Amino acid sequence: MSSSVVDAVELELAEPYLREVLGSVGLDVEYVRAAGNSLFFIDSGGAEVEVLDLACGFGSLILGHHHPAVVQRAKELLDAQIPVHAQFSRHPYANELAGVLNRILTREFGESEPYSAIFGNSGAEAVEISIKHAELDRGIRVAEAVAEVEAGLNEAAAAAAAGARIDAAVFAAAGLPVSAGFDAVASAITERNAALAARGPVFLALHGGFHGKLVGSIQLTHNEGYRTPFTRLASRCRFVTVGDVIGLWQIVEEERQVLHGLTVTDGAVRLTERDLPVFGGFFVEPIQGEAGIRVLPAEFGTEIGKVCEHTGAPLIMDEIQSGMGRSGAFFASSKIGLRGDYILLAKSLGGGVAKNAVMLVRGERYRRDFELVHSSTFAKDAFSCHIGLKVLELLEADGGAAYRKAAERGATLRSRIEAIRDDFKDVVLEIRGDGLMLGFEFQDQSTSASAKIAETAQAGFFGFAVAGYALRTHRLRLFQTASAMNTFRLEPSIDLTDAEIDRIEAGLRDICSLLRAGDGDRLLGTA
Ligand SMILES: Cc1ncc(COP(=O)(O)O)c(C=O)c1O
């Protein structure tokens, strides 16, 4: 190796600041092996140390790390030299994957309308694909609306030329005096309509929601720290508080825009109004992950459905974290009976070994022209699709035993951590979630009797401090959610064992005791 390459390797270039933050609490561990719910590192004595992983790829490992059947399939695919790159050719495996997803959709929602599939590589990419597709669709609907009112203008022009009276409201709407005449009023209306039609969409999303961190998707992610430095780059999003029905409809009203048109009735030219499709889409997680694992209440889901119906906004169901069986159903949204016009999947669709994502969009909404204007080099490749098919085969086997397992393991784990909450009400605020998507929320520690714990919490590092302690002391990989720093995610695989549940309980009980005692030295490793 040349000396310049060696020098470069010695420099810390790949996110050194993040490494520093992780290192400050002992989280900058290099894992060298992974299997099931475990990650392994090599300690200073050269021994392999096992860590129970409850983050599991931020919910990407419904089957665990390196599930033997998935690994076996991956080896077979590589040994068979399947063409990973064969863009612009037939991809029957992608079709098959979409077909199996459709079968599951039909079973869980009881509707047989087919969903078309556009594949991608990551969750945020699936979100961005849906943003683009929804905007292509909205653009066409906007153009249709404009064409419709323009047709009315032509008819009114003919009537005006023949001497029809022009209603005063027409001039008022155009902001012109009655003396202005028909041509001036018609061009003012046309200009106004064109200006409205040229506006970008407004998206709707929920408070606390997380939909990724790329240019478009970050604007749908509620966390201000992630979002606001980049608001100038993308379309506007209005955030709705979960449960606030009045606020939701108020936003709908505030954003409403109407195109003006003209019609001829009773011999007079009169003003008409036609709603413009302003909403790009309503993004919803049926179980909010990064907001601290919060299940969407079914009644509020129904209200969201009504808003989408009323406004024509597509309901874009982000199942990137909640989907693939984690909730005990393949689609968590099926449990609240809220079928998205779009459904997004990623994470576990890659089986822990591939990068895979898909946007599903129901037939009635699908714009096939999208296929000619959108693509990604790596998307829809044979390797990821075959791995996705293997994951679905494993989840669907034995009449959906995997979903029952997710529900049962989740319920068992939940009852154990609820018992901790009952014993430590001064320290634990709430247990939330469904199936194997559980959240363990600590009480805010910023006023802890321990100055060290309080300062750490005030600085926003409580989560990392707990994660560091859990790793050092209990060999547990436990992380806070991205936007709710006091909530720890428990998202293990369906193969979670009773012994692993015992370890989780023991670790969490110890952390609670330490917080109750205000033992900042032990938490922060300074004792
Ligand atoms: C609900 C949801 N949507 C989108 C994303 C973004 O996925 P990715 O990190 O693969 O871009 C995530 C990631 O955690 C997520 O939980």
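None of these values were measured; they are calculated from a predicted model.

The rules behind the values
- Residues numbered from 1 in each chain as written.
- Predicted model: local features only at pLDDT ≥ 70, side-chain atom pairs only at ≥ 80, totals over all residues.
- Heavy atoms only, no water.
- Core = buried A, V, L, I, M, F, W, Y, C linked by side-chain atoms within 4.5 Å.
- Buried < 20%, exposed > 50% of the residue type's maximum accessible area, 1.4 Å probe, protein only.
- Contact = heavy atoms within 4.5 Å.
- Axes fitted to C-alpha atoms, helices over the stretch in contact; angles between N-to-C directions.
- Helix = DSSP H or I, 4+ residues; strand = E, 2+ residues; numbered from the N terminus.
- Parallel < 35°, antiparallel > 145°, perpendicular 65-115°, else oblique.
- Left-handed = near helix turned anticlockwise from the far one by under 90°.
- Nonpolar A, V, L, I, M, F, W, Y, C, P; charged D, E, K, R; others polar.
- Pairing = 2+ DSSP bridges.
- Phe/Tyr/Trp six-rings, centres within 6.5 Å; stacked < 30°, edge-to-face > 60°.
- Lys NZ or Arg CZ within 6 Å of the ring centre and 35° of its normal.
- Disulfide = S-S within 2.5 Å.

(A) Structural detail: the nonpolar core. Counting residues in hydrophobic clusters, the biggest one holds 97 residues, and the most contacted among them are Phe282, Ile304, Phe330, Leu395, Ile417, Phe440 and Phe442. Aside from chain neighbours lying at most four places away, what touches Leu395 is Ile62, Leu63, Met324, Phe330, Gly400, Ala401, Ala402 and Tyr403. Formed by 22 residues, the second largest nonpolar core is a distinct cluster that contains Ile131, Ala134, Leu344 and Val361.

(B) Up close: the packing of helix H15 (residues 462-474) against helix H16 (residues 498-517). Running from N to C, H15 and H16 cross one another at 125 degrees; their axes reach a closest spacing of 11 Å. Considered as vectors, H15 and H16 are oriented oblique to each other. Between H15 and H16 the crossing geometry is right-handed. Listed contacts from H16 to Phe462, Val466, Tyr469, Ala470, Thr473 and His474 of H15 are Arg503, Ala506, Gly507, Asp510, Ile511, Leu514 and Leu515. Class assignment for the residues of the contact of H15 with H16 results in eight nonpolar, three polar and two charged.

(C) Seen up close, the sheet that holds strand E9 (residues 268-275). Taken in spatial order, the three strands make up an open sheet running E5-E9-E8, and their pairing is mixed. Of all strands in the sheet, those with a lone pairing partner are strand E5 (165-166) and strand E8 (258-265), marking the two edges. This element, helix H6 (residues 123-161), spans E5, E8 and E9 of the sheet and lies at about 35 degrees to E8. Relative to the sheet, helix H8 (residues 182-197) contacts E5, E8 and E9, its axis offset from that of E8 by approximately 145 degrees.

(D) Inspection of the environment of Gly463 at higher detail. Tracing the sequence through the fold places Gly463 in helix H15. Gly463 gets classed as buried once you look at its relative accessible area, which sits at 0%. Along the chain, Gly463 and Gly340 lie 123 residues apart, while their C-alpha atoms are 33 Å from each other. When residues no more than four places from it in sequence are discounted, the contact partners of Gly463 are Gln480, Met485 and Phe488.

(E) Examining the packing of H6 against H8 more closely. One way to put it is that H6 packs onto H8 with a least axis distance of 11 Å and a crossing angle of 180 degrees. Here H8 runs roughly antiparallel to H6, going by the angle between their axes. In this structure, H6 uses Val142, Val146, Val149, Glu150, Leu153, Ala156, Ala157 and Ala160 to contact H8, whose residues at the interface are Phe182, Ala186, Ile189, Thr190, Asn193 and Ala197. Residues of the contact of H6 with H8, tallied by class, amount to eleven nonpolar, two polar and one charged.

(F) Up close: the packing of aromatic side chains. Applying the stated criterion to the full structure yields twelve aromatic pairs. A ring pair is formed by Phe442 and Phe488, whose centres lie 5.5 Å apart and whose planes are at 80 degrees; its orientation type is edge-to-face. In this pair, Phe442 sits in strand E17 (residues 437-442) while Phe488 sits in strand E20 (residues 487-490), placing the two residues 46 residues apart along the sequence. With respect to burial, Phe442 and Phe488 carry one shared label: buried. Cluster of aromatic residues (ring-pair linked, three or more members): Phe109, Phe330, Phe331 and Tyr403. In this structure, Arg33 packs its charged tip against the face of Phe40, placed 4.0 Å from the ring centre. Positioned over the ring face of Tyr226 is Lys213, at 4.0 Å from the centre of the ring.

(G) Representation of the state of the cysteines. For the structure on display, the rule yields zero disulfides. Here Cys237 is not disulfide-linked; the sulfur of Cys308 is the nearest cysteine sulfur, at 13 Å.

(H) A look at the sheet that holds strand E10 (residues 279-284). Here we have seven strands laid out as an open sheet, ordered E4-E15-E14-E13-E10-E6-E7, and mixed in their pairing. A strand with exactly one partner marks an edge of an open sheet, and here the two such strands are strand E4 (115-120) and strand E7 (236-240). Within the sheet, the average angular offset between the axes of one strand and its neighbour, ignoring direction, is 20 degrees. Pairing geometry for strand E13 (residues 315-318) and strand E14 (residues 342-345), over three bridges, is parallel.

On their own, these measurements won't tell you what the molecule is for.
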